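# Results of the structural survey
Letter by letter, the chains look like this.
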Amino acid sequence: MDGRLFINGEWSKADKGSFPVNNPANNDNIGTAADGGKKETQEAIEAAEAALSSWSGLTAAERSAYLKEIHRLMMDRQTELAEMITLEMGKPLHEAKGEVAYAASFLEWYAEEAKRVYGETIPAGSPDKRMMVIHQPVGVVGAITPWNFPQAMVTRKVAPALAAGCSVILKPAEDTPLSAVKFAEICEEAGLPKGVFNLVTGEAASEIGGEFMNNETVRKVTFTGSTEVGKILMEQGADQIKKLSLELGGHAPILVLDDADIEKAVNGTVASKFRNAGQTCVCGNRIYVHDSVYDTFVEKLQEKVATLKVGDGFAEGVAIGPLINEEGYEKVDRHVKDAVDKGAELVTGGEGYEENGAYFYQPTILKNIDSDMVIMEEETFGPIAPVQKITSTEEGIRLANGSPFGLAAYFFTESMSRGMKVAEGLEFGIVGWNDGAPSAAQAPFGGWKQSGIGREGGHQGIDPFLETKYISIGL
Ligand code: ADP
């Protein structure tokens, strides 16, 4: 597929030409994407600005109808979209199909939430005044998305922005631009008015992102990616007090307490840890298990992990696809080697391999883990499960909270009263209690501390795309 830019309802080439897109499972070239830069970003911003007033002037029900149509088309083309996800980023095809359904669910959810942007009236302090509050779209939105969920990260931003009445320019990750091209095709097919949704793919991320940050027409930037780039955007945004939503890195703890149902704990850990080959920001990254159940947990986890097949995401029965690239592979390998050098014991796995420039890593369990190992401090983004012993619930909570990140945390206990206290004690935006897969369109997703600012999903997810206006009326 040769992807073009989608600006003002037209497909166009970029001045700089195009760049290749490769399959991470075998490094085969699967097409090209247009290499947009500053000029094309400016054109897209102008188009979005021109489209804004008529789009925000539609009734919520009219905007809702477009979102429902996009949802319908995405589900009609579920297999085709899933195949592109697997081609571009490697996740197993059944996971990719699940991602498309999850991605589409944001269109459906925000098609409904568009109709519920309620204002309020406030009792005034004098009889000759009336006070009201209304919400209006923030304006033109720049959205920057990562490669690990090529459809879902796009719709989680674009759906609420469109529902709120904003127009959007999307810059997808350079590893997965073609899934975004397919999303743009669907927006076109749904008859979305020109300029409401624009797509600028490109390799020069800082050039496109820089234009979002410097151009006064862009009122809001919504970003999912690394904490490192999130910090750059915050600095760049200071000049114009740019409205920012940031979904950044995580380093999720999993606590298995002494009264946990071990089967639930093992299944939840596998769901959280090994999905997407461990390449999600909510993947469990450090596992703390009470010493009374430690050996049983490790043994049962090993049995389950032994069933996970590594390979090309299109191959039958594969549960773990390739890592996204060499850099990702090297980080995983560095974390494993550091742990082993510091005394960790390999229960299973511990090795990766490279084939024609494609990188795979075996699902790995490490025990005898200590807090001074790099894997317990940094996000790994790979299929590695380090299991550390704890001797009390309090120790588990203290270790879990001892991180600058606060996105997702998981814990397993059968006790209601203990569980409530653990849930309340964890300094994280998302907590899975006996649940390794909490993400859902109807729930708020986002992080505490250095994991980000703002929420996506839920009724909260539309707020970042709305401004609040207080109107005071003298009678
Ligand atoms: P990851 O480690 O997941 O690749 P990044 O933060 O590097 O995370 O990338 C997430 C998104 O941010 C991608 O679309 C990428 O192109 C974009 N990006 C990277 N650097 C910048 C930058 N300096 N300004 C704006 N966007 C950037």
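Residues numbered from 1 in each chain as written. Predicted model: local features only at pLDDT ≥ 70, side-chain atom pairs only at ≥ 80, totals over all residues.

### Brief notes about the nonpolar core
Threshold: Take the buried Ala, Val, Leu, Ile, Met, Phe, Trp, Tyr and Cys residues, join any whose C-beta atoms are within 7 Å, and the set you get is a nonpolar core. In this scheme every C-beta is placed from the backbone, and a residue whose C-beta has 20 or more other C-beta atoms within 10 Å is buried, one with 12 or fewer is exposed, and one in between is partly exposed. Think of it this way: any DSSP run of H or I at least four residues long counts as a helix, any run of E at least two long counts as a strand, and we number them from the N terminus. Start and end points for every domain follow an automatic or database-based domain assignment. Note on contacts: each residue gets a C-beta atom placed from the backbone, and two residues are in contact if those atoms are within 7 Å.
Formed by 140 residues in total, the largest nonpolar core has its most connected members in Leu67, Tyr110 and Val168. Ranked by the residues each element gives to this core, the list is headed by helix α4 (residues 93-113), at 10 residues. Counting residues domain by domain, this core receives three or more from each of domain 1 (5-248 + 451-474) and domain 2 (252-440). Once residues lying within four places of it in the same chain are set aside, the contact partners of valine 168 are Ala48, Val141, Ala143, Val158, Ala161, Leu162, Phe197 and Asn198.

### A word on the pairing of strand β24 (residues 430-433)
Filter applied, for reference: One requirement defines pairing of two strands: DSSP has to find at least two bridges between them.
Of the two faces of β24, only the one carrying Ile430 and Gly432 is buried; Val431 and Trp433 on the other face are not. Pairing between strand β23 (residues 408-412) and β24: 4 bridges, direction parallel. If you follow alanine 408 over to β24, its bridge partner there is isoleucine 430.

### Details of the site of the ligand
Stated formally: Should the C-beta atom of a residue, placed from the backbone, lie within 6 Å of a molecule or strand, that residue is near it. All residues other than Ala, Val, Leu, Ile, Met, Phe, Trp, Tyr, Cys, Pro, Asp, Glu, Lys and Arg, Gly among them, are scored as polar; the first ten of these are nonpolar and the last four charged.
Within the structure, the ligand sits among 13 residues, and Ala205, Gly209, Gly225, Ser226 and Val229 are positioned closest to it. Of all the secondary structure elements, the ones that give two or more residues to the shell around the ligand are α7 (205-214) and α8 (227-237). Considered class by class, the residues forming the shell around the ligand number 6 nonpolar, 5 polar and 2 charged.

### Looking at the sheet that holds strand β20 (residues 364-367)
Operational definition: Helix axes are fitted to C-alpha atoms over the stretch in contact, other axes to C-alpha atoms as well, and angles between N-to-C directions run from 0 to 180 degrees.
In space, the 7 strands of this open sheet follow the order β17-β20-β21-β14-β13-β23-β24, with mixed pairing throughout. Strand pairing shows two members of the sheet lacking a second neighbour, β17 (345-348) and β24, which therefore form its edges. With strand direction ignored, the average angle separating the axes of adjacent strands in the sheet is 25°. In this fold helix α10 (residues 294-305) packs onto β13 (252-256), β14 (284-290), β17, β20 and β21 (384-390), with an angle of close to 165° to the strand it touches most, β20.

### Things to note about the domain arrangement of the protein
By domain assignment, the protein separates into domain 1 (5-248 + 451-474) and domain 2 (252-440). A straight line from the C-alpha centre of domain 1 to that of domain 2 covers 31 Å. Taken together, the 16 residues of domain 1 in the interface contact 21 residues of domain 2. Sorting the residues of the side of domain 1 that touches domain 2 by element identifies α3 (78-89) and α4 as the ones contributing at least two each. For the side of domain 1 that touches domain 2, the per-class residue count stands at 6 nonpolar, 7 polar and 3 charged.

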